[in-house]
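A look at the structure
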Amino acid sequence: MFRRRTALSVSAAAALLAATPLLTACGTQDHPGAAAVVDGKRITVAQLQARVKDVRAAQAAAPQGDQLIANTGRLGLSTLNGMIFDEVLARAARDAGVTVTRADVQKWRASAEDQAGGPARLKLMWLQQGIAPDRVDATVRNQLLLDGLARHLHADRRTPEGQRTLTTALTRTSRSMGIDVNPRYGTWDDRQVLLTETNEPWIVPSNERPRQV
């Protein structure tokens, strides 16, 4: 479950806009302009659009950019899913006393770059998962937080039991944060710690579905 966009991817402006999923500007019931509200903190539609645009620009400029864009066609929802999950993870890690230093991030990234065949290759691998180059360090940090939280819980993520233990802890945190999602993007499922597709007939969905984290 926790295969984070690791557990952890520009030509013409017109082409870029055409490839970017349509994101509406309406918000949650009590928070106009919000894509979601997490623990009282707004994730605005503008912030979500900016994150998606950064990824699309990097993908369009990369080799085989058209293929990268095509393979991440549901980027808007996947990105919002990640933004919400990151808030839940940060809160769970903080409550558990799990911290990650800049040195930890640099060490992990250097090792990953060696295994991937260099910095450029690692960035390309992240682009394939919908992660812009300037978000790599943040993504690495989240991966380390997830690893640290698992250790704190004595949960072996390689086993179903360990994954259940980790999911239970994140579910508990998620429920405490009162997550409210703009219905056009779907519904946040505390139990799965995942943004799920809306099934209300009166809501026009964005025609995307996020990957599991």
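In short, a report on the structure. Predicted, not measured: the structure shown is a model, and the values here were computed from it.

Points about the overall build of the protein chain
Each helix and strand counted, the protein chain has eight helices and five strands in total. Along the chain direction, N to C, the helices and strands of the protein chain fall in the order α-β-β-α-α-α-α-α-α-α-β-β-β. Burial status across the protein chain gives 46% buried among its 213 residues. Surface summary for the protein chain: the accessible area is close to 11,100 Å², and the carbon and sulfur share equals 49%.

Digging into the pattern of salt bridges
One pass over the full model with this rule turns up seven salt bridges. Asp 156 is paired through a salt bridge with Arg 158; the nearest N and O atoms lie 3.0 Å apart. Assessed through its relative accessible area of 30%, Asp 156 is described here as partly exposed. On the accessibility criterion, Arg 158 (76% relative accessible area) is exposed. If you follow the salt bridges from partner to partner, you end up with Asp 39, Arg 91 and Asp 95 in one network.

Here's the deal with the side chain of Asp 86
On the secondary structure map, Asp 86 appears in helix α4 (residues 75-96). Here Asn 142 takes part through its side chain, which lies 3.2 Å from a polar atom of the side chain of Asp 86.

Quick word on the sheet that holds strand β3 (residues 180-181)
Think of a sheet as strands paired side by side through backbone hydrogen bonds, with each pair either parallel or antiparallel. On the basis of which strands lie adjacent, the open sheet formed by three strands has the order β2-β1-β3 and antiparallel pairing. Each having just a single partner strand, β2 (41-44) and β3 make up the two edges of the open sheet. Taken together, the two bridges between strand β1 (residues 34-38) and β3 define a ladder with antiparallel strand orientation. Bridge pairing in β3 links Val 37 to Asp 180. Sheet strands touched by helix α2 (residues 45-61): β1 and β2. Its angle to β2, the strand with the most contacts, is close to 50°. Where α4 meets the sheet, its contacts fall on β1, β2 and β3, and the angle it forms with β1 comes to roughly 20°.

Analysis parameters
- Residues numbered from 1 in each chain as written.
- Predicted model: local features only at pLDDT ≥ 70, side-chain atom pairs only at ≥ 80, totals over all residues.
- Heavy atoms only, no water.
- Helix = DSSP H or I, 4+ residues; strand = E, 2+ residues; numbered from the N terminus.
- Buried < 20%, exposed > 50% of the residue type's maximum accessible area, 1.4 Å probe, protein only.
- Areas by Shrake-Rupley, 256 points an atom, 1.4 Å probe, with all protein chains shown as cover.
- Salt bridge = Lys/Arg side-chain N within 4 Å of Asp/Glu carboxyl O.
- Polar contact = N/O pair within 3.5 Å; in protein donor to acceptor, adjacent residues only side chain to side chain.
- Pairing = 2+ DSSP bridges.
- Contact = heavy atoms within 4.5 Å.
- Axes fitted to C-alpha atoms, helices over the stretch in contact; angles between N-to-C directions.

Interpretation note: all reported values are geometric properties and have no functional meaning in isolation.
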